[in-house]
Amino acid sequence: MLKIRKIQPSDNQAIKKIIQDCLRDVQLNIPGTAYFDPQLDSLAEYYEKLPHGIYWVVIDDTNKEVVGGCGVGPVPGQPEVCELQKLYLKPEGRGHGLAKILLQKSITFAQESYQKMYVVTDTKLAVANILYQHAGFTKLAKPLAGDEHLACDTQYIKSI
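Thresholds applied
- Residues numbered from 1 in each chain as written.
- Predicted model: local features only at pLDDT ≥ 70, side-chain atom pairs only at ≥ 80, totals over all residues.
- Heavy atoms only, no water.
- Helix = DSSP H or I, 4+ residues; strand = E, 2+ residues; numbered from the N terminus.
- Buried < 20%, exposed > 50% of the residue type's maximum accessible area, 1.4 Å probe, protein only.
- Contact = heavy atoms within 4.5 Å.
- Areas by Shrake-Rupley, 256 points an atom, 1.4 Å probe, with all protein chains shown as cover.
- Lys, Arg positive; Asp, Glu negative; His and termini not counted.
- Charge placed at Lys NZ, Arg CZ, Asp CG, Glu CD.
- Pairing = 2+ DSSP bridges.
- 1 Å grid on protein atoms, 1.4 Å probe; cavity = no way out; pocket = protein on both sides within 12 Å on 5 of 7 lines; lining within 4 Å.
- Points joined across faces, edges and corners; volume = space filled by probe spheres on them.
- Nonpolar A, V, L, I, M, F, W, Y, C, P; charged D, E, K, R; others polar.

**Comments concerning the overall build of the chain**
Piece 1. A tally of helices and strands in the chain yields four helices and seven strands.
Piece 2. The dimensions of the chain, computed from C-alpha atoms along their principal axes, are 40 × 35 × 30 Å.
Piece 3. Taken over 160 residues, the chain has a buried fraction of 49%.
Piece 4. Taking the intrachain contacts of the chain between residues at least 6 apart in sequence as the baseline, contacts between residues at least 24 apart amount to 64%.
Piece 5. Total accessible area on the chain is roughly 8,200 Å²; 55% of this is exposed by carbon and sulfur atoms.
Piece 6. Measuring between centres, the 18 positive side-chain charges of the chain sit 3 Å from its 18 negative side-chain charges.

Here is the structure:
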């Protein structure tokens, strides 16, 4: 059984490993991606301080192991826009609809404070691109101002 809950400090290292493993697997362990985000060691504390931000983890209830996560945070300088952040799942967490559930949970949360949701990905993450396109995100020609993940080549936005 899988459950989704707000990140706790004890989850920090597990979700950091998931994020970095996923990016390494597709050769995106490079500067300008989430792989090198300075807040990876303390995601729980980082999201706790973010205005209108949150990060969830997916927990396998049978072994209490973190299998993935996803967050929402503001886009600097654009108060009406949030960013879907760090949606990553371990291989065993994929193929069960979890990414779609996390995305919908994020949209529902974001609708309370934002009008649009932005997401940054890469063409190397083909399944992610399909997820965002099926969810009604529109591909942008260039990153939004304030985007820190400039090594990624694909950006989307959606009115929420």
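**As for the sheet that holds strand β7 (residues 154-159)**
Piece 1. Read from one edge to the other, the open sheet built from seven strands follows the order β1-β2-β3-β4-β5-β7-β6, with strand pairing classed as mixed. Whereas interior strands pair on both sides, the edge strands pair on one side only; in this sheet they are β1 (2-6) and β6 (138-139).
Piece 2. Judged from the four bridges that link them, strand β4 (residues 78-89) and strand β5 (residues 116-121) form a sheet pairing that is parallel. Across the sheet, residue L84 finds its bridge partner in β5, namely V119.

**Thoughts on the pairing of strand β2 (residues 54-60)**
Piece 1. Among the seven residues in β2, seven count as buried, and that is most of the element.
Piece 2. On β2, burial covers both faces: I54, W56, V58 and D60 on one face and Y55, V57 and I59 on the other are all buried.
Piece 3. Where β1 lies against β2, five bridges are found, and the strand directions are antiparallel. Across the sheet, K6 pairs through a bridge with W56, a residue of β2.
Piece 4. The hairpin turn running from β2 into strand β3 (residues 65-75), its antiparallel successor, is four residues long, and K64 in that turn takes a positive phi close to 60°.

**Side note on the layout of surface pockets**
Piece 1. When its volume is computed, the largest pocket comes out at roughly 730 Å³.
Piece 2. Taken together, the elements giving at least two residues each to the lining of the largest pocket come down to α1 (12-25), β4, α3 (98-110), β5 and α4 (126-134).
Piece 3. When residues in the lining of the largest pocket are grouped by element, the largest group, seven residues, is from β4.
Piece 4. Considering only enclosed or pocket space, the second largest pocket measures out at about 230 Å³ in volume.
Piece 5. Lining the second largest pocket we find 14 residues, and of these Y46, P76, E83, Q85 and E148 sit closest to its centre.
Piece 6. For the lining of the second largest pocket, the elements supplying multiple residues, two or more each, are β3 and β4.
Piece 7. Considering every element that reaches the lining of the second largest pocket, the biggest residue donor is β4, with three residues.
Piece 8. Along the lines of polarity and charge, the residues of the lining of the second largest pocket split into six nonpolar, four polar and four charged.

**What about unusual backbone geometry?**
Piece 1. Here Q27, not a glycine, exhibits a phi torsion of approximately 60°, which is positive.
Piece 2. Mapped onto the elements, Q27 comes out in the loop between α1 and α2 (43-49).
Piece 3. Residue classification places Q27 among the exposed residues on the basis of a relative accessible area of 52%.
Piece 4. The phi dihedral of K86 falls on the positive side, at around 50°, and the residue is not glycine.
Piece 5. Summarising the element assignment, K86 is placed in strand β4.
Piece 6. The exposure class of K86 is buried, given its relative accessible area of 8%.

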